[in-house]
Amino acid sequence: MSLTKSTVVDQITVTENGVVLVREATRILEDNVELSKAYHRSSLVPGQDISGVPANVQAICNAAWTPEVVAAYQNQVAVLAQ
Amino acid sequence: MASTINATTSGVVTTGDSVATLSLQTGGTTAVAIDTAQIVTLSKSLALLGSTSGSVALAAPATAGTQSYTLPTAQPTADGFALTSTKAGTMSWAAASATPAGSDTQVQYNSGGTAFAGSANLTFNGTTLTAAGLAGPHNGTVGATTPSTGSFTTLAASSTVSGTGFSTYLASPPAIGATAAAAGTFTQGSFSSTVHRGSTSGTVTLAAPATAGTQSYTLPTAQPTANGQALVATTAGAMSWTTVSGGSPGGSDTQVQFNDGGSTFGGDSGLTYNKTTDDLTILGNLVIGTSGKGIDFSATPGTGTSELLADYEEGTWTPTIGAYAGTVTTYSASGSYVKIGKQVFCAVFANISNAGTASGSYSISNLPFAIATSTQVYAYGVNVATNTSLIGNGASSTMLYVLSYNGTFPGGSGTYVAVNFNYSV
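Please read all numbers here as calculations on a predicted model, not as lab measurements.

(A) Focus on the layout of surface pockets. Of the pockets and cavities examined, the largest pocket occupies roughly 1200 Å³. Lining the largest pocket we find 32 residues, and of these Arg23 of chain A together with Ala310, Asp311, Tyr312 and Glu313 of chain B sit closest to its centre. Elements with a contribution of two residues or more to the lining of the largest pocket: strand 1 (3–14), strand 2 (20–30) and strand 3 (33–44) of chain A together with strand 21 (308–309), strand 22 (312–317) and strand 24 (330–340) of chain B. Top contributing element to the lining of the largest pocket by residue count: strand 3 of chain A, with four residues.

Next up, the structure:
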């Protein structure tokens, strides 16, 4: 019997305004049979620092966050802040 | 006694009266007898001496019986004629042999009872006998490997075709009852279909599929051992009788059936159906295998934009704490969420140990899901350190602001923020 724990990014969602929603799944396996699974979520807004996030998430962010998307998002936030 | 015939006696030997037979005897036995009808009888044979040497003898057979032959009245009309005879012994000259009829290689047959005849339809070249008009289901060359042309003879219903090698060597068999040639080469035991007549009426046809490939099925060696058995086959086509599996449900009463192991029905107490109440009971999870699918409540009372519950998720998230103005220096925060359908319920607990230059309100960002409409997010909570109520509202798709119930800054360093909020995605 062996217990293993793995954490993977199992879902990446890009919203209409460029926000990237990331879901990490942490699984506890016994002899490769899943005993439990827990999710942990985070969101990344266009233009924010993404150093330290998984490479596959960075790749999605870099693809989605064009200068136009980043500018539009920042403008959206500024409007809401007023 | 010796008598000499000379010119004086003119060589005449006469009998003493009109009924006596003149006999010449040698050794006490008559060798030549001449009766009153001038018939000369030789007891042995007549030897004719050659003009220079030798002799030709004419002799009767040892058991001659009484026979009479009358020579022809004239000599042969052509060289090589033979002496033939009628049953009465009247002899005549005739050609010694007949000339073959027809052409080269044509087999001779009796034509009309007295004459030879030949035909191009029946020839023999010394090796192969060829018949163009064999009576039977096929015209053709016996032993040939390719079909011949020409019309086929249709078998009558009562006709019998038999013979060793028949199926092997006859080319291009027609279908039973066909009147025209069938295409292809006839190989041993191969038919496109076979028709079996019922004892009273009707037929049963066994036929190969149109695109048969090359398949072979071997029938079982014995009849079924029980009624209802089915004919099954191995991948090699070896057939056998077997009791039909799957004819009986697996498991127990009310258990929903599933393919258990690939070839049999199975049932399990983990999945049952009550036909009276229509309840489907599952002891395990109901796993939605396709994104966007879920449980459809459209048959229940009430209507809505959507009555499909297509998502449920729970988990944690890490809130990012900031401020409307300035920055928070040190904090720790944790969050949890539950998403039911399109609605997200979040809980946040943050320990702001060093508020730094923060002022106005605290911001909570890094939400687990993006907010559909930020103006429709409302938060309620408490500053645990001061027991002061907190409120909040959405600021962007992933951030909201939290401040005291009276609109002031919740508190500086040492503030504990516990906030719940929910929103649509």
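(B) Structural context of the interface of chain A and chain B. Contact with chain A, which involves 15 residues of that partner, is made by 18 residues of chain B. Of the roughly 1300 Å² buried at the junction of chain A and chain B (both faces included), carbon and sulfur atoms supply 48%. Counting every contact that joins chain A to chain B gives two salt bridges. Residues Glu313 of chain B and Arg23 of chain A are paired through a salt bridge, measuring 2.6 Å at the closest nitrogen-oxygen approach. Taken together, the connections running from chain A to chain B amount to 10 residue pairs in polar contact (both at pLDDT 80 or more). At the level of secondary structure, the elements contributing two or more residues to the side of chain A that touches chain B comprise strand 2, strand 3 and helix 2 (67–81) of chain A. Where strand 3 of chain A meets strand 22 of chain B, three bridges bridge the pair, whose relative direction is parallel. Across the sheet, the residue bridging to Tyr39 of chain A is Gly315 of chain B, located in strand 22 of chain B.

(C) Structural detail: unusual backbone geometry. All names here are of chain B. Positive phi outside glycine occurs at Gln38, with the angle close to 60 degrees. One can find Gln38 in the loop between strand 2 (29–34) and strand 3 (40–42). Exposure remark for Gln38: the relative accessible area of 63% places this residue in the exposed category.

(D) Up close: the pairing of strand 4 (residues 45–49) of chain B. All names here are of chain B. Pairing geometry for strand 4 and strand 5 (residues 55–59), over five bridges, is antiparallel. Looking across to strand 5, one finds that Leu48 is bridged to Val56. Counting the residues that bridge the hairpin from strand 4 to strand 5 gives five residues, and of these Gly54 lies at a positive phi of roughly 75 degrees.

(E) Here's a closer look at a nonpolar patch on the surface. Residues Tyr273, Leu280, Ile282, Leu286, Ile288, Ile295, Phe297, Leu309, Tyr312, Ile340 and Phe345 of chain B make up a contiguous nonpolar surface patch of about 980 Å² in total accessible area. For Leu309 of chain B, the location among the structural elements is in strand 21.

(F) View of the nonpolar core. Within the largest apolar cluster, 33 residues are counted, with the highest numbers of intra-cluster contacts made by Trp317, Tyr362, Ile364, Leu367, Val417, Phe421 and Tyr423 of chain B. Residue assignment for this core shows that the elements contributing at least two residues are strand 2 of chain A together with strand 23 (320–325), strand 25 (343–354), strand 26 (359–365), strand 29 (399–404) and strand 30 (415–424) of chain B. A total of five residues in this core trace back to one element, the largest contributor, which is strand 25 of chain B. Those residues in contact with Tyr423 of chain B, other than ones at most four positions away along the chain, are Lys342, Gln343, Val344, Cys346, Leu367, Pro368, Phe369, Ala370, Ile371 and Val377 of chain B. Within the second largest apolar cluster, eight residues are counted, among which are Leu44, Val57, Trp65 and Val70 of chain A.

(G) Focus on the pattern of salt bridges. The full count for this structure, using the stated rule, is five salt bridges over all chains. The partner of Arg23 of chain A in a salt bridge is Asp10 of chain A, and the shortest N-O contact between them spans 2.9 Å. Here the residue Arg23 of chain A occupies a position in strand 2, and Asp10 of chain A occupies one in strand 1, the gap between them amounting to 13 residues. Using a relative accessible area of 10% as the deciding quantity, one classes Arg23 of chain A as buried. As a salt-bridge pair, Asp311 of chain B and Lys339 of chain B come within 2.6 Å of each other at their nearest N and O atoms. With a gap of 28 residues between them, Asp311 of chain B in the loop between strand 21 and strand 22 and Lys339 of chain B in strand 24 connect regions that are remote in the sequence.

(H) Here's a closer look at the environment of Pro368 of chain B. Looking at where Pro368 of chain B falls in the secondary structure, it is placed in the loop between strand 26 and strand 27 (378–383). On a C-alpha basis, the gap between Pro368 of chain B and Thr398 of chain B in space is 8.1 Å, while along the polypeptide they are 30 residues apart. Not counting chain neighbours up to four residues away, the residues in contact with Pro368 of chain B comprise Leu21, Arg41 and Ser42 of chain A together with Trp317, Tyr337, Cys346 and Tyr423 of chain B.

(I) Fine view of the sheet that holds strand 3 of chain B. Residue and element names in this part refer to chain B. Judged by pairing direction, the sheet is antiparallel, and its three strands sit side by side in the order 1-2-3 without closing on themselves. The open sheet has two edge strands with one neighbour each: strand 1 (22–26) and strand 3. Within this sheet the neighbouring strands show an average axis-to-axis angle of 25 degrees, counted without direction. Summarising the sheet, strand 2 and strand 3 pair through three bridges and their orientation is antiparallel. Directly across from Val32, in strand 3, lies its bridge partner Leu42.

(J) Just the packing of aromatic side chains, in detail. One pass over the full model with this rule turns up six aromatic pairs over all chains. Here Tyr362 of chain B and Phe409 of chain B contribute two aromatic rings whose centre-to-centre distance is 4.7 Å and whose plane-to-plane angle is 45 degrees, an arrangement assigned as tilted. Taken together, the positions of Tyr362 of chain B in strand 26 and Phe409 of chain B in the loop between strand 29 and strand 30 put the pair 47 residues apart, joining distant regions of the chain. Residue classification places Phe409 of chain B among the partly exposed residues on the basis of a relative accessible area of 24%. An aromatic cluster is built from Trp317, Phe421 and Tyr423 of chain B, whose rings are joined through pairwise contacts. For Arg23 of chain A, the ring lying beneath its charged end belongs to Tyr39 of chain A, and the centroid distance is 3.8 Å. Looking at Lys339 of chain B, its charged tip hangs above the ring of Phe369 of chain B, at a distance of 5.6 Å from the centre.

What counts as what
Residues numbered from 1 in each chain as written. Chains lettered and ligands numbered in written order. Predicted model: local features only at pLDDT ≥ 70, side-chain atom pairs only at ≥ 80, totals over all residues. Heavy atoms only, no water. 1 Å grid on protein atoms, 1.4 Å probe; cavity = no way out; pocket = protein on both sides within 12 Å on 5 of 7 lines; lining within 4 Å. Points joined across faces, edges and corners; volume = space filled by probe spheres on them. Helix = DSSP H or I, 4+ residues; strand = E, 2+ residues; numbered from the N terminus. Contact = heavy atoms within 4.5 Å. Buried area = accessible area lost by both parts, 1.4 Å probe. Salt bridge = Lys/Arg side-chain N within 4 Å of Asp/Glu carboxyl O. Polar contact = N/O pair within 3.5 Å; in protein donor to acceptor, adjacent residues only side chain to side chain. Pairing = 2+ DSSP bridges. Buried < 20%, exposed > 50% of the residue type's maximum accessible area, 1.4 Å probe, protein only. Patch = residues over 30% accessible without salt bridge, like charges linked within 9 Å, V, L, I, M, F, W, Y side chains within 5 Å. Areas by Shrake-Rupley, 256 points an atom, 1.4 Å probe, with all protein chains shown as cover. Core = buried A, V, L, I, M, F, W, Y, C linked by side-chain atoms within 4.5 Å. Axes fitted to C-alpha atoms, helices over the stretch in contact; angles between N-to-C directions. Phe/Tyr/Trp six-rings, centres within 6.5 Å; stacked < 30°, edge-to-face > 60°. Lys NZ or Arg CZ within 6 Å of the ring centre and 35° of its normal.

Shape descriptors only; they carry no functional weight alone.
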